[in-house]
Amino acid sequence: MMRIFLLCLTGLLLATIGLMLQRLFQGPTIFDRMNGLGVITADTILLIIIYGFLDRQPGMYVDLALAYAMMGCLGSVILAKYLGGRKL
């Protein structure tokens, strides 16, 4: 039962990532694109953790998700710093 729930949740997250990819590439403003990138990053972290539970080794995948989250946060800060100096 739990496995079916996790697989349904995975499908829902993949659909959300697909919609956010559209927002990322077609967003009218840079803020829409950064929002799409942030949602994709958060959903990818969730997908990594869900895969860990499906693989029955959640500890290893939580570590990978934390590393991915730190890289995503650093990337967002660098992008915001870069865009902060430009006129939008």
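Treat the numbers as computed from the prediction; the structure is a model and nothing was measured.

Asks: Pulling in residues and values, what's your account of the overall build of the chain?
Replies: Looking only at helices and strands, the chain features three helices and zero strands. Starting at the N terminus and ending at the C terminus, the chain contains elements arranged as α-α-α. Relative to a compact globule of 88 residues, whose C-alpha radius of gyration would be 12 Å, the chain shows 15 Å and is clearly more extended. For the chain, the spread of C-alpha atoms along the three principal axes comes to 50 × 25 × 10 Å.

Asks: Tell me about the side chain of Thr41, and please be specific about residues and values.
Replies: Along the polypeptide, Thr41 turns up in helix α2 (residues 30-55). If we skip the residues at most four places from it in the chain, Thr41 touches Tyr68 and Gly72.

Asks: Let's hear about the packing of α2 against helix α3 (residues 58-84): which residues, and what values?
Replies: Taken N-terminus to C-terminus, the directions of α2 and α3 make an angle of 170°; their axes are 8 Å apart at the nearest point. It follows that α2 is roughly antiparallel to α3 by the angle criterion. Taken together, the residues of α3 that come into contact with α2 (itself represented by Ile30, Met34, Leu37, Thr41, Thr44, Ile45, Ile48, Ile49, Tyr51, Gly52, Phe53 and Asp55) are Pro58, Tyr61, Val62, Leu64, Ala65, Tyr68, Ala69, Gly72, Ser76, Leu79 and Leu83. For the contact of α2 with α3, the class distribution of residues is 17 nonpolar, five polar and one charged.

Asks: Account for helix α1 (residues 2-26), with residues named and values stated.
Replies: Side chains three or four residues apart in an α-helix point the same way, a direct result of the helix having 3.6 residues per turn. Its 25 residues place the ends of α1 36 Å apart at the C-alpha level, agreeing with the 36 Å of an ideal helix rising 1.5 Å per residue. Turning to α1, its buried residues number three or more, namely Leu6, Thr10, Leu13, Ile17 and Leu24. Elements in contact with the buried residues of α1: α2.

Asks: Tell me about the packing of aromatic side chains, and please be specific about residues and values.
Replies: Taken as a whole and assessed by the stated rule, the structure comprises one aromatic pair. Between Tyr51 and Tyr61 the ring centres are 5.3 Å apart and the planes differ by 85°, which places this aromatic pair in the edge-to-face class. Here Tyr61 lies in helix α3 and Tyr51 lies in helix α2, a separation of ten residues in the sequence. Owing to a relative accessible area of 48%, Tyr51 belongs among the partly exposed residues under this scheme.

Asks: Could you give me a rundown of the nonpolar core, with the residues and numbers involved?
Replies: Soluble, globular proteins show a tendency: their nonpolar side chains are buried together. Listed in full, the eight residues of the largest apolar core are Leu6, Leu13, Ile17, Leu24, Ile40, Leu47, Ile50 and Leu54. Elements represented by at least two residues in this core include exactly α1 and α2.

What counts and what doesn't
Residues numbered from 1 in each chain as written. Predicted model: local features only at pLDDT ≥ 70, side-chain atom pairs only at ≥ 80, totals over all residues. Heavy atoms only, no water. Helix = DSSP H or I, 4+ residues; strand = E, 2+ residues; numbered from the N terminus. Rg over C-alpha atoms; globule rule 2.2 N^0.38 Å. Contact = heavy atoms within 4.5 Å. Axes fitted to C-alpha atoms, helices over the stretch in contact; angles between N-to-C directions. Parallel < 35°, antiparallel > 145°, perpendicular 65-115°, else oblique. Nonpolar A, V, L, I, M, F, W, Y, C, P; charged D, E, K, R; others polar. Expected span 1.5 Å × (residues − 1). Buried < 20%, exposed > 50% of the residue type's maximum accessible area, 1.4 Å probe, protein only. Phe/Tyr/Trp six-rings, centres within 6.5 Å; stacked < 30°, edge-to-face > 60°. Core = buried A, V, L, I, M, F, W, Y, C linked by side-chain atoms within 4.5 Å.

Geometric values such as these leave the question of function open.
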